[in-house]
Amino acid sequence: MEIILTHEQADFDAAGSVLAAWLLDPARIPVLPKRRNRNLAAFIDDYKTRLPFFTWNNVPKGKIHRVYITDTQKIEPHSRLDDVRDYVVWDHHPHRHVFPDREENIYDPTGACTTFLVEKLMEKPGLHPGRIFTTLMLMGIYEDTGSLSYGSTTPRDIRAAAWLVEKGADLDLMRRYVLQPMTDNQQAGCERLIQTMETYEIMGKNIIIASADIRTIGDEFSAVAHQLRDMFNPDGLILLLAVRTGVRIICRATTDDIDFGAMMRTMNGGGHSRAASGMIQVEYMEIAEAEDVLYDAREAVLENLPNFIKNQPPDLSGKLNEQIPAEQLSLIHNVADCAEQLDMPVYIVGGVVRDLLLSHPVMDFDIVVEGDATRLGQQLISQYGGKLVTHPQFFTAKWQMKNDMSLDLISARSETYSSPAALPTVEMSDIEADLHRRDFSINTLAVRLDGEYYGKLLDLCGGLQDLQDGLIRTLHNRSFIDDPTRLFRAVRFEQRLGFEMESDTLRQIREQLNGITGLTGQRIWHELRLYCDEEYPEKNFARVVQLGFAAQIHEALVWNEQIEQDCIRFRETVPGKFWQNLSGFDFDLVEADGALWTWLSTFPINTVTQISERLLLPKKEQHCIEGLSMLRAEFPDMIRNAPSEITYFLERFPSESLYCYALFCTEPELDILKQFVNTWHRIRPSVTGNDLLDMGVQPGPEMKNLLTMLRSACIDTDIQPEEEIEWIEMFLKRGLD
Ligand code: CTP
């Protein structure tokens, strides 16, 4: 493959010479750099579908054998050029001996590089490059020769320009993009305009509006607009010119975020997004005061303009760099680089973007790629090492690195639900579908990572606005029908972020509550458990009761002041050290689910059992909650009993139940519990069954009873080990008497 390259910050001569080199042999790939000067960028933007240029991003795969370099002797390094040795240089600057000399090289001091390449085209019989191509090449010659006026201009430039005009180059079109010297009239008008110039800040864009009465001047003013735009470099320039029939409007933009073409179409005109003109007709213009007419025109333009300025998505690159921990950030850059090489748009999506925008800490990343996640993963391991675990059926891959870090790569997908509450059917798709399949608008934000798009926010569902307004909003009416777990998620985000349910979303929640009955116990339990990870679990519980979700699980699941107080005490109590005395205690489980147990255990044991069965709770958790429920019901009445009775009562419960109970109960129950944990439950007589055998006690229930009574005596009275035998003998004697 052969390619044509030119210098960075390409101008018309660079693009014109690349185009001419391509016309000489269309098998070559004409590549322009991404950085272009403003005039060229505007032209390419307006005619991109009719121009043959590539950028490095979309140069076809394959080995590059030869590179043609035009209008420069310096090219930027690129990995695809590493093995290339065959360079041909076509330049009009003095020979700098950078590339090896060879016969095909040309260093020809014409005014523009395009000129001598056009000369080669002139030798090709029957070539008709067409209006756009010839105009671009003509602009190359015009720009580098100051419209054929610089001292460096050669007769050959003028001849090449003439040939291009003969072949159809459009001077009107050219004038829109290449700076023209101004006439005296234009100069005078320009000065008037500068005096009336005002700068406005509209939707983050810097807009200059200038007006003048040019009825006595009557010249062509697009060159003036061009000149003013280059002098002041605003995002948008609008000239209002009072002419015989009304106000002529000339607009120039230096950004694609303003669409002057569309705006002028609403004002009796038209044009391109960056260069357009229109007209406000004024009756009786001959008697109207120009000042009044221009004032009205300015008002009309100011009113109309915001409709044609694109809401520029925020650039989150700064936030990414500041808020993402360095190690993860460097992974993200690796992903971005590989995705760019593969020409695959890649994004971080969902909760992480929401949290970035809210300046909350960010932890997990969902990396979504438009295309095959496995392919991206393979590129990553080929460049940075590590291992790839793929799940082709789910369109996901996990990149595992040597330092134990890993990153999930997900192919953008669409989802369809065959029936309410069923798990979705997934298909590979684009980012748009991937965002539209999601639950709430605030979770549909994406930040693009590859190449020049790094940090650009993609907001297809109004997520940013809802984030600013503090609203939880579903994307469509069926959201909760498709997936009723979203009901619980809506509450979680609402409570976590202090947001409100958007009114239509609230209506859907109320109408679609019964979807919960179609959910499996595990799915509901999973959602309820997630509340325990929130800062205030009890607010979530209260809300699911208030919204009626809880009643769909079990009609007895209520909420009241007392339950709330218990949950708050559970959350706020710092456990004492004495808990280390309980063995076999699953602290992680209590931490994960204890808040939920506190709520569920407020109900009678039968209800707890029914709820546990509905939610298909693991047996261990069911026992813990049932235990808690019994403690609540029975323990307060026990506290005046003998310590041994209390001990035997408490020993029936899982230690996790006791621990949770201790976190929300108050004195005197708490004090008794502490005595049990610290002292009573550890008290064992030193006398054993063997000792009793020696004393003539027969094995069996009698011996067991005796040992229990001995233990009770040890707990309730202060019997010392050496007194135990005496106590037994006395007991046996008394028994015999
Ligand atoms: N999602 C969804 N419907 C669900 C579950 C998840 O649409 N029932 C989407 C959401 O867009 C969400 C993304 O999948 O942002 C990832 O899900 P998850 O990790 O649960 O959500 P996060 O927003 O990251 O929540 P958290 O901050 O609690 O981790």
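Residues numbered from 1 in each chain as written. Predicted model: local features only at pLDDT ≥ 70, side-chain atom pairs only at ≥ 80, totals over all residues. Heavy atoms only, no water.

Enquirer: Just checking my understanding: could you explain the sheet that holds strand E12 (residues 346-349) for this structure?
Expert: Two orientations exist for strands paired in a sheet by backbone hydrogen bonds: parallel and antiparallel. The strand order across the open sheet built from 7 strands is E14-E15-E16-E13-E12-E19-E20, with neighbouring strands paired in mixed fashion. Edge positions in the sheet fall to strand E14 (387-391) and strand E20 (457-458), since each has one partner strand and no second. Sheet topology places E12 next to strand E13 (residues 367-369); 3 bridges connect them, and they run antiparallel. Opposite Tyr 347, over in E13, you have Val 368 as the bridge partner. Packed on one face of the sheet, helix H12 (residues 326-341) meets E12, E13, strand E15 (396-400) and strand E16 (406-411) and runs near 145° to E12. (Pairing = 2+ DSSP bridges. Helix = DSSP H or I, 4+ residues; strand = E, 2+ residues; numbered from the N terminus. Contact = heavy atoms within 4.5 Å. Axes fitted to C-alpha atoms, helices over the stretch in contact; angles between N-to-C directions.)

Enquirer: Looking at this model, I keep getting lost on the packing of helix H1 (residues 12-24) against helix H4 (residues 131-144). Mind explaining?
Expert: Describing two packed helices takes the angle between their axes plus the distance from one axis to the other. Here H1 crosses H4 at 135°, and the two axes come no closer than 7 Å. One way to sum up the angle between H1 and H4 is to call them oblique. For the crossing formed where H1 meets H4, the hand is left-handed. Side by side, H1 and H4 meet where Phe 12, Asp 13, Ala 15, Gly 16, Leu 19, Ala 20, Trp 22 and Leu 23 of the first sit next to Phe 133, Leu 136, Met 137, Met 139, Gly 140, Glu 143 and Asp 144 of the second. Looking at the contact of H1 with H4 residue by residue, the class counts come to 10 nonpolar, 2 polar and 3 charged. (Parallel < 35°, antiparallel > 145°, perpendicular 65-115°, else oblique. Left-handed = near helix turned anticlockwise from the far one by under 90°. Nonpolar A, V, L, I, M, F, W, Y, C, P; charged D, E, K, R; others polar.)

Enquirer: Help me out: how do you make sense of the sheet that holds strand E3 (residues 66-70) in this one?
Expert: Pairing is parallel in the open sheet, where 5 strands are placed in the order E2-E1-E3-E4-E5. The open sheet has two free edges, formed respectively by strand E2 (29-30) and strand E5 (106-107), since each of these has just one partner strand. In this structure, strand E4 (residues 86-91) lies alongside E5, joined through 2 bridges in parallel fashion. Among the inter-strand pairings, Asp 91 is bridged to a residue of E5, identified as Tyr 107. The strands touched by helix H3 (residues 113-122) within the sheet are E3, E4 and E5, with E4 carrying the most contacts at an inclination of about 105°.

Enquirer: It is not clear to me how the site of the ligand should be interpreted in this structure. Could you clarify?
Expert: The local shell around the ligand holds 14 residues, among which Arg 354, Asp 439, Asp 483, Arg 492 and Arg 496 are the closest. Arg 438 is positioned such that a nitrogen or oxygen atom in its side chain is 3.2 Å from an oxygen atom of the ligand. The contact in question runs from an oxygen atom of the ligand to an N or O atom on the backbone of Asn 443, over 3.4 Å. Coverage of the ligand by the protein chains reaches 70% of its 570 Å² of free accessible surface. Mapped by element, the contributors of at least two residues to the shell around the ligand are helix H13 (351-357) and helix H18 (485-497). (Near = heavy atom within 4 Å. Polar contact = N/O pair within 3.5 Å; in protein donor to acceptor, adjacent residues only side chain to side chain. Areas by Shrake-Rupley, 256 points an atom, 1.4 Å probe, with all protein chains shown as cover.)

Enquirer: Help me understand empty space enclosed by the protein in this model?
Expert: Regions of empty space are outlined by a rolling probe, equal in size to a water molecule, passed over the atoms. Going through the model one piece at a time under the given rule, you end up with 2 cavities of 30 Å³ or more. The volume enclosed by the largest cavity comes to roughly 60 Å³. Along the walls of the largest cavity sit Arg 38, Asn 39, Ala 42, Arg 176, Tyr 177, His 226, Arg 229, Arg 252, Ala 253, Arg 274 and Ala 275, which together make up its complete lining. Those elements that provide at least two residues to the lining of the largest cavity are helix H2 (38-47), helix H6 (171-177), helix H8 (222-232) and strand E9 (246-253). (1 Å grid on protein atoms, 1.4 Å probe; cavity = no way out; pocket = protein on both sides within 12 Å on 5 of 7 lines; lining within 4 Å. Points joined across faces, edges and corners; volume = space filled by probe spheres on them.)

Enquirer: Would you explain the pattern of salt bridges in this entry?
Expert: A side chain with one charge may pair with a side chain of the opposite charge, provided their charged atoms come close. With the rule as written, the count across this model stands at 42 salt bridges. Between Asp 566 and Arg 569 there is a salt bridge, with the nearest N and O atoms lying 3.2 Å from each other. Here Arg 569 and Asp 566 lie together in helix H23 (residues 561-572), a separation of 3 residues that amounts to about one turn. Judged by its relative accessible area of 4%, Asp 566 is buried. Residue Arg 569 is classed as partly exposed on the basis of its relative accessible area, which comes to 28%. Two residues, Arg 711 and Glu 651, come together in a salt bridge whose shortest N-O distance is 2.9 Å. Residue Arg 711 is found in helix H31 (residues 701-716), and its partner Glu 651 is found in the loop between helix H27 (643-650) and helix H28 (655-664); the two are separated by 60 residues along the sequence. Looking at Arg 711, the relative accessible area reads 9%, which means it is buried. (Salt bridge = Lys/Arg side-chain N within 4 Å of Asp/Glu carboxyl O. Buried < 20%, exposed > 50% of the residue type's maximum accessible area, 1.4 Å probe, protein only.)

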